[in-house]
Amino acid sequence: MGDSPDPSTFAHVPVLAEPVLAGFVELEGLLDQCGEGVLIDCTLGGGGHSALLLEAHPRLHLIGLDQDATARAAAAQRLAPFGDRVEIVATNFAAYAPAAPVVAVLADLGVSSPQLDVAERGFSFRLDGPLDMRMNPAAGETAAELLNRLDETELADLIYAYGEERLSRRIARRIKHDLAEQGPFSGTAALAYAVAGCYPPKARRGRIHPATRTFQALRIAVNDELVVLDRLLASAPDWLVPGGLFGVISFHSLEDRRVKTAFVSDERLQRITRKAVMASPEEEVRNPRSRSARLRLARRRCTIEA
């Protein structure tokens, strides 16, 4: 077997499944016009959203993009019943452009539960693992390398900008001090402990872990997430046929603000959702990670005003 990815570790539960199905119900009208059409799932993950949409729309074909080999293996297994309606491409969506216009584009910007739950990926502070955090484990700079490269001011600015962390300067000072005194952090748990120590004792017992914002900031930086999101928001409207649908699920305010602004200001798009669609209380109970999910939908205008 070697180092081939194990798809069994990627049992992905898609968030906002019912709102996604409801939001993309207009696909039937587009498929009536076109005979058939293609959905681009920019963040295929385990294939959960794609499977739902392929089942709901039998004339729909899929191009699924993902840079994570484990995710692609899991998606291939899950989507096998749909046969040649499915094409899976190993790429970051920022580097992709379709050969022909498509009827829909979907992007789920969250880190999948399997990525969080496999300690070796280094995304989680609840499970000790290496400080990695790369969506594509085969390329790019790890979180550990990023922490070593940045000086204290650069690190504080990054944690503040990408994590919206008010204690960013104190946290950056502690991280750089510990690196200088003790060498590299042993893993995610050691970094989380150092960050938590920057908080007053009462604040360490809040609803979210004190390291949450810092880990978010590092993950965004390691994967260049906001840059690639901006690229998608600029490119995807041109991928769509007139009337084509564009849906984005985001998980924090930095992403959601970008999506909202693009859907309001881009003359190629007409927004469908005035307010972001959120998980129902029932879904939040079933899947706690859905609590921060926000779905926004837009439609490609049939005519663009000059």
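Quick note: structure is the one above.
The following paragraphs examine the structure supplied in this document. (Residues numbered from 1 in each chain as written. Predicted model: local features only at pLDDT ≥ 70, side-chain atom pairs only at ≥ 80, totals over all residues. Heavy atoms only, no water.)

On to the overall build of the chain, then. Helices and strands together make up the secondary structure of the chain, namely 13 helices and seven strands. Computed over C-alpha atoms, the radius of gyration of the chain comes to 20 Å, within 12% of the 19 Å expected from 2.2 N^0.38 for 306 residues, which places it in the range of a compact globule. When its C-alpha atoms are laid out on the principal axes, the chain stretches across 65 × 50 × 35 Å. Partitioning the intrachain contacts of the chain with sequence separation of at least 6 by distance along the chain shows that 72% fall at a separation of at least 24. Roughly 14,700 Å² of accessible area belongs to the chain as shown, and the carbon and sulfur atoms make up 52% of that amount. If you average the places of the 36 positive and of the 40 negative side-chain charges in the chain, the two averages end up 8 Å apart. (Helix = DSSP H or I, 4+ residues; strand = E, 2+ residues; numbered from the N terminus. Rg over C-alpha atoms; globule rule 2.2 N^0.38 Å. Contact = heavy atoms within 4.5 Å. Areas by Shrake-Rupley, 256 points an atom, 1.4 Å probe, with all protein chains shown as cover. Lys, Arg positive; Asp, Glu negative; His and termini not counted. Charge placed at Lys NZ, Arg CZ, Asp CG, Glu CD.)

This part takes up helix H12 (residues 253-265). The terminal C-alpha atoms of H12, which comprises 13 residues, lie 18 Å apart, in line with the 18 Å expected from a rise of 1.5 Å per residue. Those residues of H12 hidden inside the fold are in contact with helix H7 (152-163), helix H10 (212-223), helix H11 (225-239), strand E5 (240-250), strand E6 (269-271) and strand E7 (294-300). (Expected span 1.5 Å × (residues − 1).)

Turning our eyes to something else, we now look at the pairing of strand E3 (residues 86-90). With five bridges connecting them, strand E2 (residues 60-66) and E3 associate as parallel partners. Across the sheet, Leu 65 pairs through a bridge with Val 89, a residue of E3. (Pairing = 2+ DSSP bridges.)

This part covers the environment of Leu 127. As for its position among the elements, Leu 127 is in the loop between helix H5 (113-117) and helix H6 (143-149). Owing to a relative accessible area of 36%, Leu 127 belongs among the partly exposed residues under this scheme. Distance from Leu 127 to Thr 188, taken between C-alpha atoms, is 7.5 Å for residues 61 residues apart in sequence. (Buried < 20%, exposed > 50% of the residue type's maximum accessible area, 1.4 Å probe, protein only.)

Taken in spatial order, the seven strands of this open sheet run E3-E2-E1-E4-E5-E7-E6, and their pairing is mixed. Edge positions in the open sheet fall to E3 and E6, since each of these has one partner strand only. Averaged over all neighbouring strand pairs, the angle between strand axes comes to 20°, with direction disregarded. Sheet strands in contact with helix H2 (residues 27-34) are strand E1 (37-41), E2, strand E4 (102-108) and E5, and its direction is about 150° off that of E5. Along the sheet face, helix H3 (residues 48-56) touches E1, E2, E3, E4 and E5 and points at about 175° away from the line of E2. (Axes fitted to C-alpha atoms, helices over the stretch in contact; angles between N-to-C directions.)

In the Ramachandran plot, Leu 16 falls in the positive-phi region, its phi being about 55° despite a non-glycine side chain. Looking at where Leu 16 falls in the secondary structure, it is placed in the segment before helix H1 (17-23).

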